[in-house]
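# Chain and residue survey
Each chain is listed here by its residues.
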Amino acid sequence: MGNNFPSWRHKAPPRGFMKIHVDAGVIQGRGGSAAAVCRDSDGFFLGSSALIIEGVDDPAILEAIACREGLSLAEDLGLQNMVIASDCQEVVKHIEEKSGGNYGGVVKEINSWQTSFSSRCFKFESRVSNFEPHKLARHAVKLVHGRHIWLGLPHDTSVIPVAIPTNE
């Protein structure tokens, strides 16, 4: 299971589930970006998205928005079962607790989508497993404000490879 997930990834999602890794970045003088990358349980690319937000530069708020962007991507792809992985333990904890301090409104919106999917869970995974959305969030600096989405084929295979070769 998941033999196309490289060693820098944590484990693949269960069969029938997709995995969406999310991350955020601050764009100096512009605001921030939130990125999401979706792969199936075999590690093949399904889609990605980036949201560039003018004037928002708080890392925790942007990480919460990235989690919301993961749900938006899931909806765009018509997914019902997914694991959304973030490298921000604080945000994942607040989503589970339905709280969130200065980004509580985003957490409330995330939790209101509960009934839109058959099964979804948020989990913390270390930064090393967030390589692709981290690169996409940094790449988004070059894009205009707004939401950008790539379905089936990524915008730039040097940022996100379509298929990850196995090491077996």
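Residues numbered from 1 in each chain as written. Predicted model: local features only at pLDDT ≥ 70, side-chain atom pairs only at ≥ 80, totals over all residues. Heavy atoms only, no water.

### Quick notes on the side chain of Asn111
Operational definition: In this text, helices come from DSSP runs of H or I with a minimum length of four residues, and strands from runs of E with a minimum of two, each type numbered from the N-terminal end. Each residue is assigned to one of three classes by its accessible area relative to the maximum for its type, calculated with a 1.4 Å probe on protein chains only: buried under 20%, partly exposed between the two thresholds, exposed over 50%. We call two residues in contact when some of their heavy atoms are within 4.5 Å.
In this fold, Asn111 is placed in helix α3 (residues 104–112). For Asn111, a relative accessible area of 15% puts it in the buried group. Residues in contact with Asn111, not counting those within four places in the same chain, are Ile95, Lys98 and Arg120.

### Examining the sheet that holds strand β3 (residues 45–54)
Here is the rule we go by: Strand pairing is assigned whenever DSSP detects at least two bridges linking the two strands. Throughout, an axis means a line fitted to C-alpha atoms (over the contacting stretch in the case of helices), and angles, computed between N-to-C directions, take values from 0 to 180 degrees.
Overall, mixed pairing links the six strands, which are arranged β5-β4-β1-β2-β3-β6 in an open sheet. Each having just a single partner strand, β5 (119–124) and β6 (146–151) make up the two edges of the open sheet. Sheet twist, expressed as the average angle between the axes of neighbouring strands with direction ignored, equals 15°. Sheet strands in contact with helix α2 (residues 89–97) are β4 (81–86) and β5, and its direction is about 145° off that of β5.

### Digging into unusual backbone geometry
Phi at Lys98 is positive, roughly 60°, even though this residue is not glycine. Of the residues examined, Lys98 reaches a relative accessible area of 63% and is grouped as exposed.

### Side note on the pairing of strand β2 (residues 31–39)
Put simply, side chains in a regular strand alternate between the two faces of the sheet. Counted residue by residue, β2 has nine buried out of nine residues, so it is predominantly covered. Sheet topology places strand β1 (residues 18–27) next to β2; nine bridges connect them, and they run antiparallel. Counterpart to Val22 in the pairing with β2 is Ala36. From the end of β1 to the start of β2, which pair antiparallel, there are three residues, and Gly29 there has a positive phi angle of about 75°. Strand direction decides the pairing type here: β2 and β3, joined by nine bridges, are antiparallel. Bridge pairing in β3 links Val37 to Ser48. Hairpin connection between β2 and β3: a loop of five residues separates the two successive antiparallel strands, and Gly43 in this loop has a positive phi of roughly 90°.

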